[in-house]
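# Coordinate analysis (summary)
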Amino acid sequence: MNLYFECNMGAAGDMIAGALVDLTENKEETVRELNSLGLPDTVIEYSRKEQCKISGAHLDIIIKGEEEHPDDHHHHGRGLRGIGEIVESLNVDSKVKADVMGVYEIIAQAEAKAHNAEVHEIHFHELGMLDAVADITVTAYLISKMKVDRIIASPINVGSGTVRCAHGILPVPAPATANILEGIPYYKSDIETELCTPTGAALLKYFADEFTTEPRFDRVIKTGIGAGTKELSRANIIHVSEFEDSSVTELSCNIDDMTGEEAAFAAERIMAAGALDCFITPVIMKKGRPAYMLTALCKNGDSEKFAKLIFRHTTTLGIRKYTPSRYTLDREIDIESGVHIKRSEGFGEAKEKAEFEDLKALALKEDISIFEAKKRIEE
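Residues numbered from 1 in each chain as written. Predicted model: local features only at pLDDT ≥ 70, side-chain atom pairs only at ≥ 80, totals over all residues. Heavy atoms only, no water.

With that settled, consider the overall build of the protein. Along the protein, the regular secondary structure elements total eleven helices and 21 strands. Counting only C-alpha atoms, the protein reaches 75 × 55 × 40 Å along its principal axes. A total of 379 residues make up the protein; the buried ones form 47% of that total. Excluding contacts between residues fewer than 6 apart, the proportion of contacts in the protein whose partners are at least 24 apart in sequence is 67%. Summed over all atoms, the accessible surface of the protein reaches about 19,800 Å², with 49% contributed by carbon and sulfur. Here the protein carries 43 positive and 64 negative side-chain charges, and the mean point of each set is 5 Å from the other. (Helix = DSSP H or I, 4+ residues; strand = E, 2+ residues; numbered from the N terminus. Buried < 20%, exposed > 50% of the residue type's maximum accessible area, 1.4 Å probe, protein only. Contact = heavy atoms within 4.5 Å. Areas by Shrake-Rupley, 256 points an atom, 1.4 Å probe, with all protein chains shown as cover. Lys, Arg positive; Asp, Glu negative; His and termini not counted. Charge placed at Lys NZ, Arg CZ, Asp CG, Glu CD.)

So this is what it looks like as structure tokens:
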């Protein structure tokens, strides 16, 4: 699944979480599931909220019967270690726990920089801390449950003017938010309020693979809207789209100073890291030198990861990057009698093929040829 967040009215934790809930088929059931995650002293309530006649999903995070105000910026109470203890107690898997802590560490680092303090000295007041943990947990949990592969976001509208916090009146974006937004495209607007909160900024910084004004969609599958709390002159919403994208990233390089065994090892490591494909093509370079062209296909959001692997495992000094589109059949793997069967379907075609390693294992076990093993599987 691929998601695109349109942040024309900023980003807040509850808006992002609400937009993801809006993508789900059974929203009431989703919220019941969220309330079973073990968030302490927390009740999540779902409703439909209108912003300038636009309906969106709204999540109220009720902490001990009290709802957090969107402009609260207090920092008194538990520190990052205490948050870690809460997160460790949640009824979610280890990946979600790691994601929640990863987002919260971004916030803590930004707060520490803003206050010229060490991270362990930063404390968050109980209400705001639990509210942020809830927003972050809900977002991380839904992204994991939906099996999101790639997230793109637009540049973020941060608003303008000032925001009141525990330390006084600060300009928008507040210093901690500005620290989080380093490296992320954002802009101010004539809307005189804080549109991007520290939690919203941290969620997008952690989860988004790319920020762009020109997202590329093959097809939008469904959309969701998260409605904010503030009533403004414009619809205070964040829009998320689930989309299909047939493009992939192709990385290639020419190598004339590695052996075939070394190049094959590099290809093996690239495939083991999750590349969509990797292959080696013999080529002739300048002055008639025989060489190899190593090509790796990967998901668009993984291009930097695989570029690092290519540099690590080959002698190349440069990598070419392309973004081709492709046609693919829908694929699934079934297990029949201990043999993995790859099935694919689409464009009026249906195909199936037994996993070669399983055929090989059967042939060795029964002391028969690959062809006989294949015939047994087909029968």
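What follows concerns the packing of helix H10 (residues 356-366) against helix H11 (residues 370-378). For the pair H10 and H11, the least separation of the axes is 9 Å and the interaxial angle reads 110 degrees. The orientation of H10 with respect to H11, classified from their angle, is roughly perpendicular. Within the contact between the two elements, H10 uses Phe356, Leu359, Lys360, Leu362, Ala363 and Glu366 and H11 uses Ile370, Ala373, Lys374, Arg376 and Ile377. In the contact of H10 with H11, the residues fall into seven nonpolar, no polar and four charged. (Axes fitted to C-alpha atoms, helices over the stretch in contact; angles between N-to-C directions. Parallel < 35°, antiparallel > 145°, perpendicular 65-115°, else oblique. Nonpolar A, V, L, I, M, F, W, Y, C, P; charged D, E, K, R; others polar.)

Attention shifts here to helix H9 (residues 303-313). Among all positions of H9, only Ser303, Phe306, Ala307, Leu309, Ile310 and His313 are buried. Buried residues in H9, looked at end-on, bunch into an arc of 160 degrees, giving them a common side. In H9, those exposed residues whose orientation departs by more than 90 degrees from the buried face are Glu304, Lys308 and Arg312. In this structure, the buried side of H9 is in contact with strand E15 (249-255), helix H8 (260-272), strand E17 (290-298) and strand E18 (320-322). (Arc of directions from axis to C-beta.)

Ordered by their spatial adjacency, three strands build an open sheet running E19-E20-E21, and the pairing between neighbours is antiparallel. Both outer strands of the open sheet, strand E19 (330-336) and strand E21 (349-354), are each paired with one neighbouring strand and no more. Taken pair by pair, the neighbouring strands of this sheet meet at an average axis angle of 20 degrees, ignoring direction. Sheet topology places E19 next to strand E20 (residues 339-346); seven bridges connect them, and they run antiparallel. Considered in E20, the bridge of Glu336 is made with Val339. (Pairing = 2+ DSSP bridges.)

Listing the buried residues of H10 in full gives Asp358, Leu359, Leu362 and Ala363. For H10, the angular spread of the buried residues around the axis is 135 degrees, confining them to a single face. Exposed residues pointing more than 90 degrees away from the buried face of H10 are listed as Leu364 and Lys365. Packed against the buried residues of H10 are E20, E21 and H11. At the exit of H10 stands Asp367, carrying a positive phi of roughly 55 degrees.

Attention now goes to unusual backbone geometry. Glycine aside, residues mostly have negative phi, and peptide bonds are mostly found in the trans state. Cis geometry is adopted by the peptide bond preceding Pro173, which originates at Val172 and carries an omega value of 0 degrees. Positionally, Pro173 belongs in the loop between strand E10 (168-171) and helix H6 (175-180). Located in the positive-phi region is Lys53, a residue other than glycine, with phi close to 70 degrees. The topology assignment puts Lys53 in the loop between strand E2 (42-51) and strand E3 (54-63). With a phi close to 55 degrees, Lys147 is a non-glycine residue in the positive phi region. Tracing the backbone shows Lys147 in the loop between helix H5 (126-145) and strand E7 (150-153).

Attention now moves to the packing of aromatic side chains. One pass over the full model with this rule turns up two aromatic pairs. The interplanar angle of 80 degrees and the centroid separation of 4.9 Å between the aromatic rings of Tyr206 and Phe207 together place this pair among those described as edge-to-face. According to the relative accessible area criterion, Phe207 is buried, its value standing at 12%. Ring geometry for Tyr327 against Phe347: centres 5.8 Å apart, planes inclined by 90 degrees, an arrangement best described as edge-to-face. Pair noted here: Tyr327 is in the loop between E18 and E19 and Phe347 is in the loop between E20 and E21, with a separation of 20 residues, a long-range link. Look at Phe347 and you get exposed, because its relative accessible area is 63%. (Phe/Tyr/Trp six-rings, centres within 6.5 Å; stacked < 30°, edge-to-face > 60°.)

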